Amino acid sequence: QVQLVESGGGLVQAGGSLRLSCAASGSTLSTYDVAWFRQAPGKERDFVAAINWSGGITNTADSVKGRITVSRDSAKSTVYLHMNSLIPEDTAVYCCAAVDWGVRLREKSGEYRYWGQGTQVTVSS
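This section reports on the structure supplied with the text. The shown structure was predicted, so the numbers you read here are calculated from the model rather than taken from an experiment.

1. So, the overall build of the protein chain
- The secondary structure content of the protein chain amounts to zero helices and eleven strands.
- Relative to a compact globule of 125 residues, whose C-alpha radius of gyration would be 14 Å, the protein chain shows 13 Å and is just as compact.
- Its C-alpha atoms put the protein chain at 40 × 25 × 25 Å along the principal axes.
- Buried residues in the protein chain amount to 44% of all 125 residues.
- Here the analysis covers contacts within the protein chain between residues at least 6 apart in sequence; of these, 59% occur between residues at least 24 apart.
- Looking at the protein chain as shown, the accessible area adds up to about 6,500 Å², and 48% of this sits on carbon and sulfur atoms.

Structure representation (structure tokens):
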């Protein structure tokens, strides 16, 4: 079983950047697809980005495309979310999630098995 821990959140001004990390323990992430989701207060959890087990395929939500990318470091068993040109609407708790690798990247939270606790990102205007 894999445990996930997010880090890197914080308070940033609009236009700034953050890099979130999702580190695995208990197992490597080498056979898992990993996604990032976010949830703002009073709103549903939304898909942000996903990366497949090899790092060769990524998918990003249209709402953040061009500003947010995802990558992974297999040696460190860590997945990163690179966020640039942040806007106040990006304020949310960001969670990473993992699932056994599949033939396609999944975007629905219910399809992911393992979850981290989340890290808060606050973007001030």
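2. A closer look at the sheet that holds strand 1 (residues 3-7)
- Strand order in the open sheet made by the four strands is 1-3-8-7, with antiparallel pairing throughout. Sheet topology places strand 1 and strand 7 (68-73) at the edges, where each strand pairs with a single neighbour. Across the sheet, the axes of successive neighbouring strands diverge by a mean angle of 20 degrees, strand direction being ignored.

3. With respect to the state of the cysteines
- Applying the stated rule across the entire model yields one disulfide.
- With its sulfur 2.1 Å from that of its partner, Cys22 forms a disulfide with Cys96. Linking Cys22 and Cys96, the disulfide has an S-S dihedral of approximately 70 degrees and is accordingly described as right-handed. Of this pair, Cys22 sits in strand 3 (residues 18-25) while Cys96 sits in strand 9 (residues 92-100), and the two are 74 residues apart along the sequence.
- For Cys22, a relative accessible area of 0% puts it in the buried group.
- We classify Cys96 as buried; its relative accessible area is 0%.

4. Section: the pattern of salt bridges
- Per the counting criterion, the structure on display carries five salt bridges.
- With a closest N to O distance of 2.8 Å, Asp90 and Arg38 form a salt bridge. Here the residue Asp90 occupies a position in the loop between strand 8 (78-83) and strand 9, and Arg38 occupies one in strand 4 (residues 32-39), the gap between them amounting to 52 residues.
- With its nearest N and O atoms 3.1 Å apart, the salt bridge here joins Glu111 to Arg104.
- Using a relative accessible area of 27% as the deciding quantity, one classes Glu111 as partly exposed.

5. Observations concerning unusual backbone geometry
- With a phi angle near 50 degrees, Ser77 is a residue other than glycine that sits in the positive phi range.
- The topology assignment puts Ser77 in the loop between strand 7 and strand 8.
- Unlike most non-glycine residues, Ser85 shows phi in positive territory, near 50 degrees.

Cut-offs used in this document
- Residues numbered from 1 in each chain as written.
- Predicted model: local features only at pLDDT ≥ 70, side-chain atom pairs only at ≥ 80, totals over all residues.
- Heavy atoms only, no water.
- Helix = DSSP H or I, 4+ residues; strand = E, 2+ residues; numbered from the N terminus.
- Rg over C-alpha atoms; globule rule 2.2 N^0.38 Å.
- Buried < 20%, exposed > 50% of the residue type's maximum accessible area, 1.4 Å probe, protein only.
- Contact = heavy atoms within 4.5 Å.
- Areas by Shrake-Rupley, 256 points an atom, 1.4 Å probe, with all protein chains shown as cover.
- Pairing = 2+ DSSP bridges.
- Axes fitted to C-alpha atoms, helices over the stretch in contact; angles between N-to-C directions.
- Disulfide = S-S within 2.5 Å.
- Salt bridge = Lys/Arg side-chain N within 4 Å of Asp/Glu carboxyl O.

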